[in-house]
Amino acid sequence: GDSVTQMEGPVTLSEEAFLTINCTYTATGYPSLFWYVQYPGEGLQLLLKATKADDKGSNKGFEATYRKETTSFHLEKGSVQVSDSAVYFCALIPSGAGSYQLTFGKGTKLSVIP
Amino acid sequence: NAGVTQTPKFQVLKTGQSMTLQCAQDMNHNSMYWYRQDPGMGLRLIYYSASEGTTDKGEVPNGYNVSRLNKREFSLRLESAAPSQTSVYFCASSLGQYKGYTFGSGTRLTVV
């Protein structure tokens, strides 16, 4: 079945450091790919998405590129802030009509220290 | 404020008790979902409703039932709660298959 694998956390970075959170997926065809962020005590918020190969999603300084050849969707940010401390989830929706299930990775906790 | 509203935010149940988690969205979304979040497990889909009048099982449906009451509301019922159902439950909605989901703020349920 479809699955998403994220790098294990927690990840601790100093403010202004470069962030990469790795995400790879297993799915047939061309799934849609997403990154969600969960701040402490809150629900998940959509951070960015990409729906076809080579698309780049971006939001709030975060970027991720849909790489079909490596089945990856790594999240990057050039300079993290303390306010970016949260749990980040990579997710996919399979391609094909009637595919509604958003399948999540297990999440990566990011802590940014001043 | 537009979004997904879940009630209650916290609940403690005794083993064997029943309860219903409520979810409502005011964005005119067609599809609604119930997920549970457990440490180290990510989020797992319990049930979903692709459109008003339809419901389908997700990855972990055992011990749960759902009702899509109308386009706005999608409830999750635990008929006989078990400690294994201790979790944080999230309701979500979406406009379509490839749109992002909007999540509620969650219900933290403890079964003792």
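**Q** Where do I start with the sheet that holds strand 9 (residues 75-77) of chain A in this structure?
**A** Backbone hydrogen bonds are what pair the strands of a sheet, in a parallel or an antiparallel way. Residues and elements named next belong to chain A. Judged by pairing direction, the sheet is antiparallel, and its 4 strands sit side by side in the order 3-9-8-7 without closing on themselves. For this open sheet the edge positions go to strand 3 (19-21) and strand 7 (56-59), each flanked by a neighbour on one side alone. Adjacent strand axes in the sheet meet at a mean angle of 15 degrees when their direction is disregarded. Where strand 7 meets strand 8 (residues 62-65), 4 bridges bridge the pair, whose relative direction is antiparallel. Counted as the bridge partner of N59 is F62 from strand 8.

**Q** Can you help me understand the state of the cysteines in this one?
**A** Under the criterion given, the structure shown has 2 disulfides over all chains. Put simply, C23(A) and C90(A) are joined by a disulfide, and their sulfur atoms are 1.9 Å apart. Looking down the S-S bond of the C23(A) and C90(A) bridge, the torsion is -70 degrees, so its handedness is left-handed. With a gap of 67 residues between them, C23(A) in strand 4 (residues 23-26) and C90(A) in strand 10 (residues 86-93) connect regions that are remote in the sequence. With respect to burial, C23(A) and C90(A) carry one shared label: buried. The disulfide partner of C23(B) is C91(B), and the gap between their sulfur atoms is 1.9 Å. The sign of the -75 degrees torsion about the S-S bond sets the C23(B)-C91(B) disulfide as left-handed. With C23(B) in strand 3 (residues 19-25) and C91(B) in strand 9 (residues 87-94), this pair connects stretches of sequence that are 68 residues apart. Of the two residues examined, C23(B) and C91(B), each falls in the buried class.

Procedures and definitions
- Residues numbered from 1 in each chain as written.
- Chains lettered and ligands numbered in written order.
- Predicted model: local features only at pLDDT ≥ 70, side-chain atom pairs only at ≥ 80, totals over all residues.
- Heavy atoms only, no water.
- Pairing = 2+ DSSP bridges.
- Helix = DSSP H or I, 4+ residues; strand = E, 2+ residues; numbered from the N terminus.
- Axes fitted to C-alpha atoms, helices over the stretch in contact; angles between N-to-C directions.
- Disulfide = S-S within 2.5 Å.
- Buried < 20%, exposed > 50% of the residue type's maximum accessible area, 1.4 Å probe, protein only.

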